2 protein chains.
Amino acid sequence: MGEPAAAQHPHPYVPRDLSLPGYVPGLLSHSTIFGVFVGAALLVTSLIWLLSGGSPRRSRVDRLLMCWWAFTGLSHMILEGYFVFSPEFYKNSSGFYLAEVWKEYSRGDSRYAARDPCIVSIIGLTAIFEGPACILAVYAIATKKPYSYILQFANCLGHIYITAVYFITAVLEGDNFAASPFYYYVSYLVPNSFWILIPAIISVNCWKKICAAVQFQAQNQKKAKIR
Amino acid sequence: MGEPAAAQHPHPYVPRDLSLPGYVPGLLSHSTIFGVFVGAALLVTSLIWLLSGGSPRRSRVDRLLMCWWAFTGLSHMILEGYFVFSPEFYKNSSGFYLAEVWKEYSRGDSRYAARDPCIVSIIGLTAIFEGPACILAVYAIATKKPYSYILQFANCLGHIYITAVYFITAVLEGDNFAASPFYYYVSYLVPNSFWILIPAIISVNCWKKICAAVQFQAQNQKKAKIR
């Protein structure tokens, strides 16, 4: 007698008792998935770097920031957008890249495959609100909008809050969602830490710029009153 | 034969199959708990309103904001601070007010008594970071610090993010955590909505003030260069 269909493909995720009926193993290798991601990220950031170099008044820092916001915004909208609206990605048998990404990523954090409500909630907010807001930040820096700093600050705070909730809930639930220490560090802990580190640096910079502007305005309006 | 001790106090929460061994029923009535909360809130806000009236240059809006930040900051630090560090509040048999608050509030959202990791995570961030940051906002407004607007904006965004995650996870988990429609609306939905509504209004105001300051600085620095 044959085993039931669902048992034919045991999933590779931890905890082992996670039930994922209909799971289809990934077709692409870790290096292929990672290679396509890095290639796409380099393509986007190179394009933004080259296109943003036209104006001599645009600083290198602003051009780097445009690269970051374009990269992170597109990641949220494409990768995380697919995840939010594809609850059964682990059943995908076509080798579709975005499904393969999440099958692979779930080795580092199985809460994605398990569709943990807290994960869906924070990734949903990131994909739907944070993604477009990051792309708006690219435009705001490019066109030197007055809301450029406050928008970047808002995006940074969103990243920090959401990554903090992401890490803290994992710890509170036992921090046992990675298939191996390799996946824990290389897929889960280290990459996600960048979404605390980089936003922290950018938000401190925005905070300083905004405080300087508010102080400048207050001092100059005081001077104008004295005259 | 007597029943086991844990069965002597069936809890009043929904879902009914939630296991809370050692639950002790609340000793204070809903109206007592609510009355003390409103009384304390009125005391704090009246004090801040009176004390902030000393400077004729301080606007009524700023004084109202100081009242809001003092009220919400102290709530986070005292009420939510107690919750975060008291995983077994539902076993408290002394009638201690803060334990009674969370026993009563769990009728509107049993995820508190159940110690849902997502709830603990977001309430922990609110109690530990957001609470003191709200009190700092009272000081920043009182002393007209240049960081007043950006700090208030950060606090507002924290409130909006955390309340959004709070509501969305409930919906994703079936939105069935209230003991009755009364508790759902009066204890859970309506009061928490204020932590989206009020921060939304304040953050729009801060956004405008910050954009105006950034634009003022950019224009005046441009004028200075032309001269």
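As the structure is a computational prediction, the values presented were derived from the model and not from experiment. (Residues numbered from 1 in each chain as written. Chains lettered and ligands numbered in written order. Predicted model: local features only at pLDDT ≥ 70, side-chain atom pairs only at ≥ 80, totals over all residues. Heavy atoms only, no water.)

S.K.: I keep staring at the relation of the copies chain B and chain A and nothing clicks. Help me out?
M.R.: Both copies of the chain are placed relative to one another by a rotation about an axis and a shift along it. The transformation that overlays chain B on chain A combines an axial shift of 0.0 Å with a rotation of 180°, and the residual RMSD is 0.0 Å. Between the two chains, the operation in question is that of a two-fold axis. When each C-alpha of chain B is compared by its distance to the rotation axis, Ala213(B) comes out closest, at 2.7 Å. Interface overlap between copies: 100% of the residues of chain B at the interface are likewise at the interface in chain A, consistent with a symmetric, same-surface contact. (Least-squares fit on C-alpha atoms with pLDDT ≥ 70 in both. Contact = heavy atoms within 4.5 Å.)

S.K.: Please explain the state of the cysteines as it appears in this structure.
M.R.: Joining two cysteines, a disulfide is a covalent bond between their sulfur atoms. Under the definition given, this model contains one disulfide over all chains. Here Cys118(A) connects covalently by a disulfide to Cys118(B), the sulfurs 2.5 Å from one another. On the sign convention where negative means left-handed, the S-S torsion of about 60° between Cys118(A) and Cys118(B) marks this disulfide as right-handed. With Cys118(A) in helix 4 (residues 117–142) and Cys118(B) in helix 4 (residues 117–142), the pair connects residues from two separate chains. The same class applies to Cys118(A) and to Cys118(B), which are both buried. No disulfide involves Cys211(A); its nearest neighbouring cysteine sulfur is the one of Cys206(A), lying 11 Å away. With no disulfide of its own, Cys134(B) lies 8.4 Å from the sulfur of Cys156(B), the closest cysteine sulfur. (Disulfide = S-S within 2.5 Å. Helix = DSSP H or I, 4+ residues; strand = E, 2+ residues; numbered from the N terminus. Buried < 20%, exposed > 50% of the residue type's maximum accessible area, 1.4 Å probe, protein only.)

S.K.: Explanation requested: the UniProt feature "transmembrane region" (unreviewed entry) in chain A in the structure shown.
M.R.: The sites that carry the UniProt feature "transmembrane region" (unreviewed entry) are, in the present numbering, residues 27–52, 64–85, 119–142, 149–170 and 182–202 of chain A. Helix makes up 95% of residues 64–85 of chain A and strand 0%, with an end-to-end C-alpha separation of 31 Å. (UniProt positions renumbered as here; feature names shortened; annotations may be inferred.)

S.K.: Explanation requested: the UniProt feature "domain: EXPERA" (unreviewed entry) in chain A in the structure shown.
M.R.: As recorded in UniProt, the feature "domain: EXPERA" (unreviewed entry) lies at residues 61–203 of chain A. Counting secondary structure, residues 61–203 of chain A comes out at 75% helix and 0% strand; the distance between its end C-alpha atoms is 14 Å.

S.K.: What is the right way to read helix 4 of chain B from this model?
M.R.: All names here are of chain B. Taking 1.5 Å as the rise per residue, helix 4 with 26 residues should run 38 Å; its terminal C-alpha atoms sit 37 Å apart, in good agreement. For helix 4, the side-chain oxygen to backbone nitrogen distance between the N-cap and Cys-118 is 2.8 Å, and the N-cap itself is Asp-116. Immediately beyond the C-terminal end of helix 4, within one or two residues, lies Lys-144, with a positive phi of roughly 50°. (Expected span 1.5 Å × (residues − 1). Polar contact = N/O pair within 3.5 Å; in protein donor to acceptor, adjacent residues only side chain to side chain.)

S.K.: Help me understand the interface of chain B and chain A, please; the structure alone is not making it clear to me.
M.R.: Interface size, as often reported, equals the accessible area lost upon joining of the parts. Taken together, the contacts link 35 residues of chain B with 35 residues of chain A. On the surface where chain B and chain A come into contact, there are zero salt bridges. The interface formed by chain B and chain A contains two residue pairs in polar contact (both at pLDDT 80 or more). Counting residues per element, the ones that place at least two in the side of chain B that touches chain A are helix 4, helix 5 (148–172) and helix 6 (181–226) of chain B. The biggest single contributor to the side of chain B that touches chain A is helix 5 of chain B, with 14 residues. Across the side of chain B that touches chain A, the residue classes break down as 26 nonpolar, seven polar and two charged. (Salt bridge = Lys/Arg side-chain N within 4 Å of Asp/Glu carboxyl O. Nonpolar A, V, L, I, M, F, W, Y, C, P; charged D, E, K, R; others polar.)

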